[in-house]
Amino acid sequence: MKAVVYQGPHDVAVTDVPDAKIERPTDVLVRVTTTNICGSDLHMYEGRTSFEKGRTFGHENMGEVVEIGKGVEKVKVGDRVVLPFNISCGFCKNCERGLTNYCLTTQPDPSAAGAAYGFAEMGQYGGGQAELLRVPFGDHNALRLGEDAQDKENDYVMLSDIFPTGYHATEMAGVIPGDSVVIAGAGPVGLMAALSATIKGASKVMVVDRHPDRLALAEQIGAIAIDDSKVDPVQAVLDETMGLGADRGCECVGYQAHDPEGNEDPAATLNMLINSVRFTGGIGTVGVFVPQDPGAKDELAKQGKVAIDFGTHWFKGQTMGNGQAPVKRYNRRLRDLIAADKAKPSWIVSHEISLDQAADAYRNFDSRSEGWTKVVIKP
Ligand code: NAD
Ligand code: ZN
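Because the structure is predicted, anything quoted here is derived from the model rather than measured.

1. Things to note about the overall build of the protein chain
A tally of regular secondary structure across the protein chain gives 13 helices and 15 strands. Whereas a compact globule of 379 residues would reach a radius of gyration of roughly 21 Å, the protein chain reaches 20 Å, a difference of no more than 12%. On the principal axes, the C-alpha backbone points of the protein chain span a range of 60 × 45 × 40 Å. Looking at the protein chain as a whole, 58% of its 379 residues qualify as buried. Across the protein chain, contacts joining residues at least 24 apart in sequence account for 72% of those joining residues at least 6 apart. For the protein chain, the accessible area works out to roughly 15,300 Å², and carbon and sulfur atoms hold 52% of it. Mean positive and mean negative side-chain charge positions of the protein chain (38 and 51 charges, respectively) differ by 6 Å.

2. Looking at the site of ligand 1
Surveying the vicinity of ligand 1 reveals 32 residues, the closest of which are Ser 40, His 43, Asp 209, Glu 264 and Arg 368. For ligand 1, an oxygen atom lies 2.8 Å from a polar atom in the side chain of His 43. Its free accessible area being 870 Å², ligand 1 has 98% of it covered by the protein chains. Contributions of two or more residues to the shell around ligand 1 are made by α6 (188-199) and β9 (204-209). Of the residues that make up the shell around ligand 1, three or more belong to each of domain 1 (2-161 + 326-377) and domain 2 (164-322).

3. Things to note about the sheet that holds strand β13 (residues 319-322)
Read from one edge to the other, the open sheet built from 6 strands follows the order β10-β9-β8-β11-β12-β13, with strand pairing classed as parallel. This sheet does not close on itself; its edge strands, each paired only once, are β10 (224-227) and β13. Here the strands of the sheet are splayed against their neighbours by 20° on average, with no regard to which way each runs. Of the pairings in the sheet, the one linking strand β8 (residues 180-184) to β9 comprises 5 bridges and is parallel in character. Residue pairing in the sheet places Ile 183 in a bridge with Val 207 of β9. Contacts between helix α9 (residues 268-276) and the sheet are confined to β8, β9, β11 (246-251), β12 (277-285) and β13, with β12 contributing the most and set at about 150° to the helix.

4. Some remarks on the domain arrangement of the protein chain
One can read the domain layout of the protein chain as domain 1 (2-161 + 326-377) and domain 2 (164-322). Domain 1 and domain 2 are separated by 25 Å when their C-alpha centres are compared. Each partner contributes residues to the interface: domain 1 has 27 residues there, and domain 2 has 24 residues. The junction of domain 1 with domain 2 conceals about 2,400 Å² of combined surface from both sides, 64% of it contributed by carbon and sulfur atoms. In this structure, the connection of domain 1 to domain 2 is made through 0 salt bridges. Where domain 1 meets domain 2, there are 5 residue pairs in polar contact (both at pLDDT 80 or more). Element by element, the count of residues in the side of domain 1 that touches domain 2 is highest for helix α12 (residues 327-339), at 7 residues. Classifying every residue of the side of domain 1 that touches domain 2 gives 15 nonpolar, 5 polar and 7 charged.

5. Some points on the pattern of salt bridges
Taken as a whole, this structure holds 23 salt bridges when the rule is applied. Across the pair Arg 144 and Asp 79 runs a salt bridge, and its minimum N-O distance is 3.9 Å. Residue Arg 144 is located in strand β7 (residues 143-144), and its partner Asp 79 is located in the loop between β4 (61-68) and β5 (80-83); the two are separated by 65 residues in the primary sequence. The residue Asp 247 makes a salt bridge to Arg 278 at a minimum N-O spacing of 2.5 Å. Here the residue Asp 247 occupies a position in strand β11, and Arg 278 occupies one in strand β12, the gap between them amounting to 31 residues.

6. Focus: helix α7 (residues 212-220)
For α7, the complete set of buried residues consists of Asp 213, Arg 214, Leu 215, Leu 217 and Ala 218. In this structure, the buried residues of α7 make contact with α6, β9, β10 and α13 (358-366). Positive phi shows up at Gly 222, right after α7, with a value of about 90°.

What counts, and where the lines are drawn
Residues numbered from 1 in each chain as written. Chains lettered and ligands numbered in written order. Predicted model: local features only at pLDDT ≥ 70, side-chain atom pairs only at ≥ 80, totals over all residues. Heavy atoms only, no water. Helix = DSSP H or I, 4+ residues; strand = E, 2+ residues; numbered from the N terminus. Rg over C-alpha atoms; globule rule 2.2 N^0.38 Å. Buried < 20%, exposed > 50% of the residue type's maximum accessible area, 1.4 Å probe, protein only. Contact = heavy atoms within 4.5 Å. Areas by Shrake-Rupley, 256 points an atom, 1.4 Å probe, with all protein chains shown as cover. Lys, Arg positive; Asp, Glu negative; His and termini not counted. Charge placed at Lys NZ, Arg CZ, Asp CG, Glu CD. Near = heavy atom within 4 Å. Polar contact = N/O pair within 3.5 Å; in protein donor to acceptor, adjacent residues only side chain to side chain. Domains from an automatic or database assignment. Pairing = 2+ DSSP bridges. Axes fitted to C-alpha atoms, helices over the stretch in contact; angles between N-to-C directions. Buried area = accessible area lost by both parts, 1.4 Å probe. Salt bridge = Lys/Arg side-chain N within 4 Å of Asp/Glu carboxyl O. Nonpolar A, V, L, I, M, F, W, Y, C, P; charged D, E, K, R; others polar.

Structure (structure tokens):
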């Protein structure tokens, strides 16, 4: 089968790899119909991880079931399904508590937790930027879609990662109706956090970025765009909230998306939130801060350290939640919002391409070329 394969830093190619196949009785095999490029793929693409050459990318996947293992009881051949990027078992200590992002069964390293398709440090699972994908524990992981699956393909595919991830940022921040919310980053994840805050009934959603095209997408769903290349974002949030600060903040940038030249403090977004969220407010951090970035210019970032203004965070009595999103916790409910036309996450899709165009798309998305917000691949 054809697949998008890692060749080394800043280098992907579409090559032939062995077909994905059923390996265990609980597996299902999916013919991938849509698979996205994600900001998280850039950690591997830019060569910051242990991702091995020859591995296939792709953790935001949906498709049609073409084969099921002998132990699969619920999912049927022909079902249209979307797959959470977290590969989880459903029965370990963490999954039982809904923490499918930290599954202990699917992660082979006993000192770690959590697995994903096409990812470094998250198990050796094949990615979905390919024609076929093996889905472990298919009954548990594959979320079945209704009759409208094909019509709303670009909406439903966002259930694999970024819509639940944006939603998780608002959950960890504690967003409830009437809250004012500031979001760092108008990338796909930040835009999904803005959509989620809006769905939850936020009174005011403010999105901070410096790309006019991405800020315009935030404005399309009624958010206030704050361009931090023009204004001080902390002051802008205080001005919007009568000097009090926002009730909630979401970090949707992470380490790698800060100035690639290394001229920006990797703690900039977290400190912006600590200083613009009110006393006793909440912050949810879904942006990835990699454990270590040996290639970083910043001395602390090299060691995986980020110099946050903890004194202010402590003094203000803020809470902060961090980490990967447990996609399964939210994806049914978010699916039903899409089905009911109450959420349309596809508004951020900028490019729909074939597998063969992937290398060019990675280059453009990585350099955040104007207009390249979200790429969906149709294998
Ligand atoms: P992206 O790189 O496309 O978007 C990041 C945005 O942040 C860009 O638009 C950039 O201009 C902006 N930015 C950079 N510095 C900024 C600053 N100082 N202030 C405000 N904005 C700034 O990435 P994405 O796909 O939206 O993903 C964002 C982050 O979320 C990444 O770190 C990604 O790995 C992570 N992520 C986490 C999870 C999870 O489960 N926790 C899931 C998916 C993605
Ligand atoms: Zn992703």
